[in-house]
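# Commentary on secondary and tertiary structure
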Protein chains: 2
Amino acid sequence: MALSQASISSSSSALFSQSRFNFKSPTSRGQSVAVPAKTIGGGWKCVATPEKTEFKTQVSRNANMGKLQAGYLFPEIARRRNAHLEKYPDAKIIPLGIGDTTEPIPEYIASAMAKRALAMSTREGYSGYGPEQGEKPLRTAIAKTFYDNLGIEEDDIFVSDGAKCDISRLQVLFGEDKTIAVQDPSYPAYVDSSVIMGQTGQYQKSVEKFANIEYMRCTPDNGFFPDLSSTNRTDIIFFCSPNNPTGSAATREQLTQLVKFAKDNGSIIVYDSAYAMYMSDDNPCSIFEIPGAKDVAIETSSFSKYAGFTGVRLGWTVVPKQLHYSDGFQVAKDFNRIVCTCFNGASTIAQAGGLACLEPEGLKAMHGVINFYKENTNIIMETFNSLGFNVYGGTNAPYVWVHFPGQSSWDVFAEILEKTHVVTTPGSGFGPGGEGFIRVSAFGHRENVLEACKRFKQLYK
Amino acid sequence: MALSQASISSSSSALFSQSRFNFKSPTSRGQSVAVPAKTIGGGWKCVATPEKTEFKTQVSRNANMGKLQAGYLFPEIARRRNAHLEKYPDAKIIPLGIGDTTEPIPEYIASAMAKRALAMSTREGYSGYGPEQGEKPLRTAIAKTFYDNLGIEEDDIFVSDGAKCDISRLQVLFGEDKTIAVQDPSYPAYVDSSVIMGQTGQYQKSVEKFANIEYMRCTPDNGFFPDLSSTNRTDIIFFCSPNNPTGSAATREQLTQLVKFAKDNGSIIVYDSAYAMYMSDDNPCSIFEIPGAKDVAIETSSFSKYAGFTGVRLGWTVVPKQLHYSDGFQVAKDFNRIVCTCFNGASTIAQAGGLACLEPEGLKAMHGVINFYKENTNIIMETFNSLGFNVYGGTNAPYVWVHFPGQSSWDVFAEILEKTHVVTTPGSGFGPGGEGFIRVSAFGHRENVLEACKRFKQLYK
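Think of each chain on its own: its residues are numbered from 1, step by step along the sequence as written. Chain letters start at A and ligand numbers start at 1, both assigned in the order the entries are written. Local features are withheld for residues below a pLDDT of 70 in this predicted model, meaning they are given only at 70 or higher, and side-chain atom pairs are given and counted only at 80 or more; totals for whole chains, interfaces and linings count all residues. As a convention, hydrogens and water are excluded, and side-chain values are obtained from all of the structure's heavy atoms.

## Describing the overall build of chain A
Only DSSP runs of H or I covering at least 4 residues are called helices, and only runs of E covering at least 2 are called strands; the numbering of each starts at the N terminus. Helix and strand content of chain A: 14 helices and 15 strands. Only protein chains enter the accessibility calculation, which uses a 1.4 Å probe; a residue is then buried when its area is under 20% of its type maximum, exposed when over 50%, and partly exposed in between. Every one of the 461 residues in chain A was classed for burial, and the buried ones make up 64%. Contact definition: two residues touch when any of their heavy atoms are within 4.5 Å. Residue pairs at least 24 apart in sequence account for 72% of intrachain contacts in chain A once pairs closer than 6 positions are excluded. Accessible surface computed for chain A: about 15900 Å², of which carbon and sulfur atoms make up 50%. Surface accessibility follows the Shrake-Rupley procedure with a 1.4 Å probe radius. Residue values consider only the protein chains on display as shielding.

## Some points on the sheet that holds strand β6 (residues 213–217) of chain A
Residue and element names in this part refer to chain A. As summarised here, the arrangement of the seven strands in space is β2-β10-β9-β8-β7-β3-β6, forming an open sheet in which the pairing is mixed. With partners counted over all chains shown, the strands left at the sheet margins are β2 (157–160) and β6, one partner each. The mean angle between the axes of side-by-side strands here comes to 20°, regardless of whether they run parallel or antiparallel. Two elements, strand β3 (residues 180–184) and β6, share five bridges in a ladder whose sense is parallel. In the strand pairing of β6, D184 is matched with R217. At least two bridges found by DSSP between two strands are what make those strands a pair. Think of each axis as a best-fit line through the C-alpha atoms, taken over the contacting stretch in the case of a helix, with angles from 0 to 180 degrees between the N-to-C directions.

## Some remarks on the pairing of strand β8 (residues 268–272) of chain B
Taken residue by residue, a regular strand's side chains alternate between the two faces of the sheet. Residues and elements named next belong to chain B. Burial analysis of β8 places five of its five residues in the buried class, the great majority of the element. The side-chain alternation of β8 yields two buried faces, one formed by I268, V270 and D272 and the other by I269 and Y271. Here strand β7 (residues 236–240) pairs with β8 via five bridges, running parallel. Opposite F239, over in β8, you have Y271 as the bridge partner. For the crossover that starts at β7, traverses helix α8 (residues 252–265) and ends in the parallel β8, the hand is right-handed. Sheet analysis places β8 next to strand β9 (residues 297–302), joined by four bridges and oriented parallel. Pairing of V270 across the sheet is with I298, part of β9. Whether a crossover is right-handed comes down to one check: with the strands pointing away from the viewer, does the path from the first strand over the helix to the second run clockwise; if it does, it is right-handed.

## Description of the sheet that holds strand β15 (residues 437–441) of chain B
Within a sheet, each strand pairs with its neighbour through backbone hydrogen bonds, oriented either parallel or antiparallel. Residues and elements named next belong to chain B. Spatial strand order, β11-β12-β15-β14: four strands in an open sheet with antiparallel pairing. The open sheet has two edge strands, β11 (391–393) and β14 (425–426), and neither has a second partner. Note: β14 against β15, two bridges, orientation antiparallel. Residue T425 lies in a different strand from β15, and its bridge partner there is R439.

## Observations concerning the pattern of salt bridges
The salt bridge criterion pairs a side-chain nitrogen of Lys or Arg with a carboxyl oxygen of Asp or Glu, the two atoms within 4 Å. Scanning all chains against the criterion turns up 48 salt bridges over all chains. E418 of chain A is the salt-bridge partner of K87 of chain A, the closest N and O atoms lying 3.1 Å from each other. With K87 of chain A in helix α3 (residues 73–87) and E418 of chain A in helix α13 (residues 409–420), the pair connects residues that are 331 residues apart, well separated along the chain. Salt-bridge contacts for E451 of chain B lead to R455 of chain B; the nearest nitrogen and oxygen are separated by 2.9 Å. Here R455 of chain B and E451 of chain B lie together in helix α14 (residues 446–460), a separation of four residues that amounts to about one turn. Among the charged side chains, a salt-bridge network with shared partners connects E153, D155, D156 and K321 of chain A.

## Points about the relation of the copies chain B and chain A
What sets the superposition is a least-squares fit of C-alpha atoms, and only residues with pLDDT of at least 70 in both copies go into it. Of the transformation placing chain B onto chain A, the axial shift is 0.0 Å and the rotation is 180°, giving an RMSD of 0.0 Å. The symmetry that links the two subunits is that of a two-fold axis. Relative to the rotation axis, the C-alpha of A114 of chain B is the closest in chain B, positioned 2.0 Å from it.

## Regarding helix α6 (residues 163–174) of chain B
Residue and element names in this part refer to chain B. One less than the number of residues in a helix, times 1.5 Å, gives the span that helix is expected to have. End to end, α6 covers 16 Å across twelve residues, agreeing with the expected 16 Å (1.5 Å per residue, within 8%). Burial analysis of α6 places twelve of its twelve residues in the buried class, the great majority of the element. When α6 is considered as a whole, its buried residues turn out to be A163, K164, C165, D166, I167, S168, R169, L170, Q171, V172, L173 and F174. The positive-phi residue at the C-terminal boundary of α6 is G175, with phi of around 95°.

## Considerations on the packing of aromatic side chains
Each Phe, Tyr or Trp ring (for Trp, its six-membered ring) is paired with any other whose centre lies within 6.5 Å, and the angle between the two planes then decides the class: stacked below 30 degrees, edge-to-face above 60, tilted in between. In total, this model carries 58 aromatic pairs over all chains according to the counting rule given. The interplanar angle of 55° and the centroid separation of 6.5 Å between the aromatic rings of Y275 of chain B and Y278 of chain B together place this pair among those described as tilted. No difference in accessibility class separates Y275 of chain B from Y278 of chain B, as the two residues are buried. Charge over a ring is defined by NZ of Lys or CZ of Arg lying within 6 Å of the ring centre and within 35 degrees of the ring normal. One residue, R169 of chain A, lies across the ring of F343 of chain A, its end atom 4.0 Å from the ring centre.

## Considering the UniProt feature "domain: Aminotransferase class I/classII large" (unreviewed entry) in chain A
UniProt positions are given in the numbering used here, feature names are shortened, and annotations may be inferred rather than shown by experiment. UniProt records the feature "domain: Aminotransferase class I/classII large" (unreviewed entry) for residues 92–456 of chain A in the present numbering. As annotated, residues 92–456 of chain A has a helix share of 37% and a strand share of 16%, and its two end C-alpha atoms lie 14 Å apart.

## Structural notes on the environment of K333 of chain A
Following the sequence through the fold, K333 of chain A ends up in helix α10 (residues 331–342). On a C-alpha basis, the gap between K333 of chain A and T219 of chain A in space is 37 Å, while along the polypeptide they are 114 residues apart.

## Overview of the interface of chain B and chain A
At the junction of the two partners, chain B supplies 166 residues and chain A supplies 165 residues. By definition, the buried area sums, over both parts, the 1.4 Å-probe accessible area that each loses when the two are put together. A buried area of about 13800 Å², summed over both sides, lies between chain B and chain A, and 57% of it is on carbon and sulfur atoms. Put simply, chain B and chain A have six salt bridges between them. Note that D192 of chain A is salt-bridged to R337 of chain B, the shortest N-O span being 3.1 Å. Each polar contact in these results corresponds to two N or O atoms within 3.5 Å; when the atoms are within protein, one needs to be able to donate a hydrogen and the other to accept it, and residues that are neighboring in sequence are counted only if both atoms are side-chain atoms. Linking chain B with chain A are 43 residue pairs in polar contact (both at pLDDT 80 or more), by the criterion used here. Element by element, the count of residues in the side of chain B that touches chain A is highest for helix α12 (residues 360–386) of chain B, at 14 residues. Its residues assigned to classes, the side of chain B that touches chain A shows 70 nonpolar, 53 polar and 43 charged. Throughout this entry, Asp, Glu, Lys and Arg are counted as charged residues, while Ala, Val, Leu, Ile, Met, Phe, Trp, Tyr, Cys and Pro are counted as nonpolar. The remaining residues, Gly among them, count as polar.

## As for unusual backbone geometry
Residues and elements named next belong to chain A. Cis geometry is adopted by the peptide bond preceding P185, which originates at D184 and carries an omega value of 10°. Looking at the element boundaries, P185 is found in the loop between β3 and α7 (188–196). In this structure, N212 takes a positive phi of about 75° despite not being glycine. Inspection of the secondary structure assignment puts N212 in the loop between β5 (209–210) and β6. Under the relative-accessibility criterion, N212 is labelled partly exposed at 48%.

## Remarks on the packing of α10 of chain A against α6 of chain B
As a packed pair, α10 of chain A and α6 of chain B sit with axes 8 Å apart at the nearest point and diverge in direction by 110°. If you check the angle between α10 of chain A and α6 of chain B, you find them roughly perpendicular. In this structure, α10 of chain A uses C340, T341 and C342 of chain A to contact α6 of chain B, whose residues at the interface are K164, C165 and S168 of chain B. Partitioning the contact of α10 of chain A with α6 of chain B into residue classes produces three nonpolar, two polar and one charged. In this scheme, roughly parallel covers angles under 35 degrees and roughly antiparallel covers those over 145, while 65 to 115 is roughly perpendicular and the rest are oblique.

Here it is, written out as structure tokens:
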């Protein structure tokens, strides 16, 4: 017997009673509706008894987790900020610590996301799982906007929920038996994800470093570019330019050296270009501007600091087809497998926003946001310059790196917080090479940046 | 000198020229605008030369990646589907393979996301980084809706971009030196993420299993609940109920056995409840309905199959404070660290959608979606029943598990695809215990499900 349309015409409400999940509809609130006796209104049925035990499983704690120091930097700063607020409940705290965007998403871009969200409620506009690697139009637009004429193609681009998440996925890709190098100071996620993956030894308190990580010191003395002649070979080299936290950007000549260094050593560079659009000087915005880089480099980037997408979550990673392991296996193939197994694609709504970012009107709007923050950066730089500090960064990045020679970063952080209610970031949180520095973020409302600078002037006048 | 408002009043356009990133604005398209000589219109400046090398780095491929078999199941099915479409370009393919939602997101929920997206373009409505663990109102609503009276609190809930992603993060949390058990058959992400983390040995082709994984056979013979008396102890037990792919749900008595088994062995259960709202029978919807489960269990779940969020990406994981490693360390503390270091929170727009899902109108709308798919499930079950097949699942899950005794799953998959243009999922893709079965997903437009069933009837009449 053929299944007729009639035989399945039972309405949703007829089948409704099949579902165990019960709720009170808005119209029946408070009324006696057909809710089974044991069911909690609005929730699951639950039959649990109170319990008080001190039970321990026999599962050992991941020893690598035990190696990590204190909290991840920014939650730690948030904790101190909250403690400060408890001490001074009326203080007007100005957050220039974590690099968190504050300006609204340009309307053109936000509207594209709203439109996509609404379309998801229509049959024509609905989409389920997208490709794990990202929607093709966005991959194409990223390749064209950021890597045009660099030999990077749409299928080299893996769209993600942010560079930070991709850094961890890359570490899972590389595996435990790899060695890494990082700029010192650098964004803490490189080191912490390496520790978690078991690539490092224990933390060495005396030198404030993890064993088995190569820390490439970047200071004013070397123009914030590491001395590669004294750098040990590692499998992976994390390199961020424009750099977080120092704000410095590597020149074409320096990056050419870096690529040569990686080639000579057979290393893979993971190049973090999350701040590339802040570049003012004539430095490369992508590692792939350097000839030969596609043989040795992966690049990760993000919409977070360009379009205010810190909460929206959208980034990308470029894994060129030319990049191979020592056995000749294509790195991109394994990364694709990681993306398919450990990730399910960035939110389609965020991807609609990303696509709008890369249209002419979106690009213009992004530049508006970036230039606003660059104005903030100038204000902060001028302030510290006028107070006689040695100030670095700022020109190519939304971070100002202020030197307090001979002082402890956390002490300076604490003093600034205590006396001005401004949250900064202690340089030593980015590695021992950051000791004696404070990172001041230019992400903030204009009046807050001005007020913070006024307070800095009062403190250091 | 105090920094005056005037001294920073330079406009965005004045600073504009600082940025290296150039583009043609929509109004100036085709005109000669101030673009430096070497700049590519609309993109970065790029100075790369063509290159052709066969360079290999000296980085060894992660040996664990090499253990993985073929592609991840669903991309592999997509590949075969595409090959079929090339062979039959005019075929009307009906996808009942991957469990991908097809019905629009209820308007109430989509509107909440659109509203949040638009609010992000206003100063009042903008938010940057959210808490890595999720926004508090959503965590509270999840705890109240799904775990009311079960002793699960808001801070036990970690909001994520989906259960699949959390499974990988949990594996990173547990680390390489752990052993796992899985239902056989089961969702492939458990096994594959375990392989990637290095918890397993090589794939044993003769038995179609990875060495060092405990496969808990679930067949019609044991009512799809494993024989725990013959199950070896592992650190972690992945357990999905209602199960994907078999559609079976464990009873309260069975889950009580499972919790006792975990307690006796000091194991941690990772309970996947992504289909719990499909439960019709009187089985627990959460492992935490079982007394003592908070000592031994983590639960992961998702909005994907409830509200059509497969592309939106939103899920959650519950790590109770009562769960401890053998050394007494709280598991939740380490998971929090993973979430803060390897993840940056789910998209705020998706979270707005999740919050709307859990409001009375949203819950009602979600039930509408779920009941629609349950109607589909009934149609598919009735079809295969009428054709004389042994049919399992369906009652408590949107999956129908059809037995083809003595046949190869991939052969049945291929025959169905070849003769009906319907994509199903071969049971053996979920583990050797799935051999001889086909999973038919109930996610599909009604007319497609009806048409597929008509074709099944023609094929098997």
